[in-house]
Amino acid sequence: MAFTISISRFSFYFPSLLLLVSSSFLLCFSLSTVSISRTSDQSQTLVCALTNRSHLQCSSFPLNSIRFSLTDKLRNREFSGLVSGNGFVCGLTSPMDSNTSTILCWRFSDNGANMSYKRIYQGPELKELEAGTSRICGVEKLTNRTVCWQPVSPPQPDNYDSIAVGENFFCELSKPPGKIRCQGEENIAKVPSGNRYIAIAAGSRQACAITIDNDVDCWGQAQSQSLPQPREKFSALAVGENRSCGVRWPYGTVVCWGGSNNNDFSLPRNLEDINFVSIFAKGPIFCGVATKNHTLYCWGDENFESGVFAPFQGQSVIPGPCRKECPYGPLSGSESLCSSGLTICDLTRKDTQQDSKNKTWSSKNVAFLAVGCIGTVSLLLVISFLVYKSKCRCRVHDSGRLDDNRIIIDRPKLEKRLSSLASLGNPGQLVEFSIDELALATDGFSVRFQLGIGSFGSVYKAVLSDGRHVAIKRADLTNPASSGTSMRNRNRREDNDSAFVNELESMSRLNHRNLVRLLGFYEDAEERVLVYEYMENGSLADHLHNPRFEPLTWERRLRIALDAARGIQYLHEFAVPLVIHRDIKSSNILLDATWTAKVSDFGLSQMGPTEEEDVSHLSLRAAGTLGYIDPEYYRLQQLTTKSDVYSFGVVLLELLSGHKAIHMNEEESPRNVVEFVVPYILQDEVHRALDGRIQPPTPYEIESVAHLAYLAVECVMPCGRQRPSMAEVVSNLESALAACLAAPKTQPLSKSNNN
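Structural notes, computed from the coordinates. None of the values given here were measured: they were computed from a predicted structure.

**Looking at the state of the cysteines**
Phase 1: In total, this model carries 8 disulfides according to the counting rule given.
Phase 2: Shown here is the disulfide that connects Cys48 with Cys58, its sulfur atoms set 2.0 Å apart. Linking Cys48 and Cys58, the disulfide has an S-S dihedral of approximately 105 degrees and is accordingly described as right-handed. Placement of the pair is Cys48 in strand β3 (residues 45-50) and Cys58 in strand β4 (residues 56-61), with a sequence separation of 10 residues. For the pair formed by Cys48 and Cys58, the shared burial category is buried.
Phase 3: Between the sulfur atoms of Cys322 and its disulfide mate Cys338 the distance is 2.0 Å. The disulfide joining Cys322 to Cys338 has a torsion of about -80 degrees about its S-S bond and is therefore left-handed. In this pair, Cys322 is assigned in the loop between β26 (308-309) and α4 (349-357) and Cys338 in the loop between β26 and α4, connecting sequence segments 16 residues apart.
Phase 4: A relative accessible area of 14% means that Cys322 is categorised as buried.
Phase 5: The buried category is assigned to Cys338, whose relative accessible area is 0%.

Below is the structure:
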């Protein structure tokens, strides 16, 4: 079958994250841009490819033996991927401004092609499409569900990332580096155990995969017909019928093996010195896109003149799908191959940059790099801990120096912002309480009613005159004229003024069941007070980290995560303009009497750029809480919604492990929960990091916990573009919760109603 799998290897600050970061490149070439199919008598070959601007073109061998052409309606349509089987070719279209995909298929015979196409699918966007001899399968981008056509089969609910389709089987690969599951023929189902894989491909009766070390494992055919296992390293692989070819890593040349006698198939000599960026296969035929000029060369048919068939002479074939974003930049020259604003991802740029500095990396080099990076990270964590021990509130504001662009909200500016807010007509129906009513409800803000002290000031529980239970936040407005600490007090007052107005501006226009509701406020020259709905069950942090609270069950944790994710999704996708919270953490996720989770504390929130502003980020000094703050945002000072996604990923790791974002390890040294938990997840040993205060997950629950674990790792990817959107997070959490709810309920509910 036609399939190309590619991987780029590189070093990163955390060696334990190397495999996950490397595997992210697989997404760039997850769709095939070349398809190979044959007529029923195997005498004629049809090769189709996406050429300039992702337009579909086809050529046959012998030349023009299959008369395939497109109607005017489809001639200029842009396709994102191609697949084919015996007697058919299908194209995938996924418009950039849409979340849907369409599959169009043409059938052909010895006498030519059927010019009328058939639409076999139109629905949620597909991130991958593969085909065997007669069956087509795809993976939905949002849900990771596998669905197949020809014949149609119900969607597979499993959370697999990549697929490979053979003659009577198909295989699925979990999020790389992951494990493989195959269904169909008995030999295919026996996947080699013990390895983690980054990509998978399939031929007619055999499957092969690239390991995390860029080696190749193959399985499926009878032992007497099995192909030899190559000893070289590969960056790309294509599997055909009893034969395979691979692109050598890191050189780019191709080697082939197999054949009827297991060793009589080889690459034509005139192609041996050509570097290829991608290769494809179907049956005995292989095709590859040359790196230099993007010419397509095909081989494998003994009838090809000189062993090579170049179906599109003088035209460039795109080696991979056109994308809007690429982790390490575009492939050189690919801008001319794609539509405006799109490029093809360069999967080797990272290696090329590194290779130009140092031709070889010895194990000693890697060891020194690992030790140096771990030492640097440890030093940063120690410094963070010392700051924490010195009574820093662990809240990093975008304050800067007072003489360096500091935003100072003096009284006139504060009144102007409040006046502007009032002019909006108070859409949130906020009540302006009197200070007398609030003082009466708290007995003069007595310590007896105090729930706690935060960065904004003190929080009180109160019952208003109408019987409503509320939480009252009263800002600590220390007199800035106090001797000795006047500068610190002034800074604190400015921070509280900014947080006060941010909260009013955000909450007055937001309304969602998973956002804590702001009821009203009071403000004068001496007071800043905010009044919220009361959340009876406290914060998520209380239940995770305070031993006085009964620990949450796995189901409850999943429900809380899903509630909070829906609240953040509302901020990112439905608020106009969008809102970036900037301080997502477990203590800002509150629980009401029915255990519904709600996001709170919008003191650091920022309204995102509008469509008219045409920018992808806000340039702001980093703000947030140590342990939760997005390292990319902290380093580049460019705020996007993916900064909230990172912080939420840290919360998910807290839910899994029961550890704080920054906590003490066994040697009483500070440790980040990302550094601690993520390596266990990548090694498929998440059970070693799970919260020990509750019973291990049941066989049903472990599937949902695994969903949660891999989602958390995706959220804390170092590059923001590689993180999922909150819509994708919500979808994955819904799948995780559904898996958990499938467990039989054999135990009664606990008295705490915490299940």
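**Digging into the sheet that holds strand β15 (residues 170-173)**
Phase 1: Spatial strand order, β14-β15-β16: 3 strands in an open sheet with antiparallel pairing. Among the strands making up the open sheet, the edge pair consists of β14 (162-165) and β16 (180-183). With direction set aside, neighbouring strand axes in the sheet form an average angle of 15 degrees.
Phase 2: One ladder, built from 4 bridges, connects β15 with β16; its direction is antiparallel. Bridging across to β16, Glu172 finds its partner in Arg181.

**Some words on the sheet that holds strand β25 (residues 296-299)**
Phase 1: Strand order in the open sheet made by the 4 strands is β23-β24-β25-β26, with antiparallel pairing throughout. Unpaired on one side and paired on the other, β23 (276-282) and β26 mark the two borders of the sheet.
Phase 2: Sheet topology places β23 next to strand β24 (residues 285-290); 6 bridges connect them, and they run antiparallel. Following the sheet pairing, Phe280 is matched in β24 by Cys287.

**Some words on the pairing of β23**
Taken residue by residue, a regular strand's side chains alternate between the two faces of the sheet.
Phase 1: Counting buried positions over the 7 residues of β23 gives 7, a clear majority of the element.
Phase 2: Joining the antiparallel neighbours β23 and β24 is a turn of 2 residues, in which Gly283 adopts a positive phi near 60 degrees.

**Let's talk about the side chain of Glu128**
Phase 1: With respect to the helices, strands and loops of the structure, Glu128 is situated in strand β10 (residues 126-131).
Phase 2: The side chain of Glu128 is buried and forms no salt bridge, while Lys127, the nearest opposite charge, is found at 6.7 Å.
Phase 3: Among the polar contacts made by the side chain of Glu128, one reaches the main-chain amide nitrogen of Ile163 at a distance of 3.2 Å.

**Describing the pattern of salt bridges**
Phase 1: Applying the stated rule across the entire model yields 19 salt bridges.
Phase 2: Across the pair Arg723 and Asp630 runs a salt bridge whose closest N-O atoms are separated by 2.7 Å. In this pair, Arg723 sits in the loop between α14 (699-715) and α15 (726-741) while Asp630 sits in the loop between β39 (624-625) and α11 (631-636), placing the two residues 93 residues apart along the sequence.
Phase 3: Using a relative accessible area of 2% as the deciding quantity, one classes Asp630 as buried.
Phase 4: With its nearest N and O atoms 3.6 Å apart, the salt bridge here joins Glu666 to Arg671.
Phase 5: The exposure class assigned to Glu666 is exposed, which follows from its relative accessible area of 61%.
Phase 6: Owing to a relative accessible area of 11%, Arg671 belongs among the buried residues under this scheme.

**Things to note about the nonpolar core**
Phase 1: Counting 74 residues, the largest nonpolar core has Leu510, Phe648, Leu652, Leu653 and Leu733 as its most contacted members.
Phase 2: A per-element tally of this core places helix α10 (residues 554-573) first, with 10 residues.
Phase 3: Each of domain 3 (429-478 + 490-533) and domain 4 (538-741) gives at least three residues to this core.
Phase 4: Contacts of Leu510, omitting those with residues within four sequence positions, involve Leu515, Tyr570, Leu571, Ala575, Val579 and Phe602.
Phase 5: Listed in part, the 22 residues of the second largest apolar core include Cys58, Leu74, Phe79 and Phe108.

**A word on the packing of helix α12 (residues 641-657) against helix α13 (residues 673-682)**
Phase 1: α13 packs onto α12 with a crossing angle of 70 degrees between their chain directions and a minimal axis gap of 10 Å. Compared by their axis directions, α12 and α13 come out roughly perpendicular. Counted together, Tyr646, Val650, Leu653, Leu656 and Ser657 of α12 and Val673, Val674, Val677, Val678 and Ile681 of α13 form the full contact between these two elements.
Phase 2: Looking at side-chain class alone, the contact of α12 with α13 contains 9 nonpolar, 1 polar and no charged residues.

**Focus on the packing of aromatic side chains**
Phase 1: Per the counting criterion, the structure on display carries 12 aromatic pairs.
Phase 2: An angle of 90 degrees between the planes, with centres 4.8 Å apart, marks the rings of Phe61 and Phe304 as edge-to-face. One end of the pair, Phe61, is in strand β4; the other, Phe304, is in the loop between β25 and β26, with 243 residues separating them in the sequence. Each member of the pair, Phe61 as well as Phe304, carries the same accessibility label: buried.
Phase 3: Seen from their ring centres, Tyr197 and Trp219 are 6.4 Å apart, and the 45 degrees between their planes marks the pair as tilted. Note that Tyr197 is positioned in strand β17 (residues 197-202) and Trp219 in strand β19 (residues 216-219), a separation of 22 residues in sequence. This pair shows no difference in class: Tyr197 is buried, exactly as Trp219 is.
Phase 4: In this arrangement the basic side chain of Arg243 is found over the ring face of Phe265, its NZ or CZ atom lying 4.1 Å from the centre.

**Some points on the side chain of Ser84**
Phase 1: Note on placement: Ser84 falls in strand β5 (residues 81-85).
Phase 2: A polar contact of 2.7 Å, which involves the side chain of Ser84, links it to the backbone oxygen of Ile36.
Phase 3: Beyond its immediate sequence surroundings of up to four residues, Ser84 is in contact with Ser35, Ile36, Ser37, Val89, Ala131, Gly132 and Lys282.

**Some details on unusual backbone geometry**
Phase 1: Phe61 connects to Pro62 through a cis peptide bond whose omega is -5 degrees.
Phase 2: One can find Pro62 in the loop between β4 and α2 (72-75).
Phase 3: Cis rather than trans, the peptide bond between Val576 and Pro577 has omega equal to -10 degrees.
Phase 4: The residue Pro577 is located in the loop between α10 and β34 (579-580) in this model.
Phase 5: We note that Asp601 has phi near 65 degrees; this positive angle belongs to a residue other than glycine.
Phase 6: Here the phi dihedral of Asp684 falls at roughly 60 degrees; this positive angle occurs in a residue that is not glycine.
Phase 7: Looking at the element boundaries, Asp684 is found in the loop between α13 and α14.
Phase 8: Under the relative-accessibility criterion, Asp684 is labelled partly exposed at 34%.

**With respect to the packing of α14 against α15**
Phase 1: Running from N to C, α14 and α15 point in directions that differ by 165 degrees, and their axes come no closer than 7 Å. One finds that α14 runs roughly antiparallel with respect to α15. Pair α14 / α15 crosses with left-handed handedness. Only Val729, Asn732, Leu733, Ser735, Ala736, Ala739 and Cys740 of α15 make contact with α14, whose side of the interface consists of Tyr700, Glu701, Glu703, Ser704, His707, Leu708, Leu711 and Cys715.
Phase 2: For the contact of α14 with α15, the class distribution of residues is 9 nonpolar, 4 polar and 2 charged.

Cut-offs and rules
- Residues numbered from 1 in each chain as written.
- Predicted model: local features only at pLDDT ≥ 70, side-chain atom pairs only at ≥ 80, totals over all residues.
- Heavy atoms only, no water.
- Disulfide = S-S within 2.5 Å.
- Helix = DSSP H or I, 4+ residues; strand = E, 2+ residues; numbered from the N terminus.
- Buried < 20%, exposed > 50% of the residue type's maximum accessible area, 1.4 Å probe, protein only.
- Pairing = 2+ DSSP bridges.
- Axes fitted to C-alpha atoms, helices over the stretch in contact; angles between N-to-C directions.
- Lys, Arg positive; Asp, Glu negative; His and termini not counted.
- Salt bridge = Lys/Arg side-chain N within 4 Å of Asp/Glu carboxyl O.
- Polar contact = N/O pair within 3.5 Å; in protein donor to acceptor, adjacent residues only side chain to side chain.
- Core = buried A, V, L, I, M, F, W, Y, C linked by side-chain atoms within 4.5 Å.
- Domains from an automatic or database assignment.
- Contact = heavy atoms within 4.5 Å.
- Parallel < 35°, antiparallel > 145°, perpendicular 65-115°, else oblique.
- Nonpolar A, V, L, I, M, F, W, Y, C, P; charged D, E, K, R; others polar.
- Phe/Tyr/Trp six-rings, centres within 6.5 Å; stacked < 30°, edge-to-face > 60°.
- Lys NZ or Arg CZ within 6 Å of the ring centre and 35° of its normal.
- Left-handed = near helix turned anticlockwise from the far one by under 90°.

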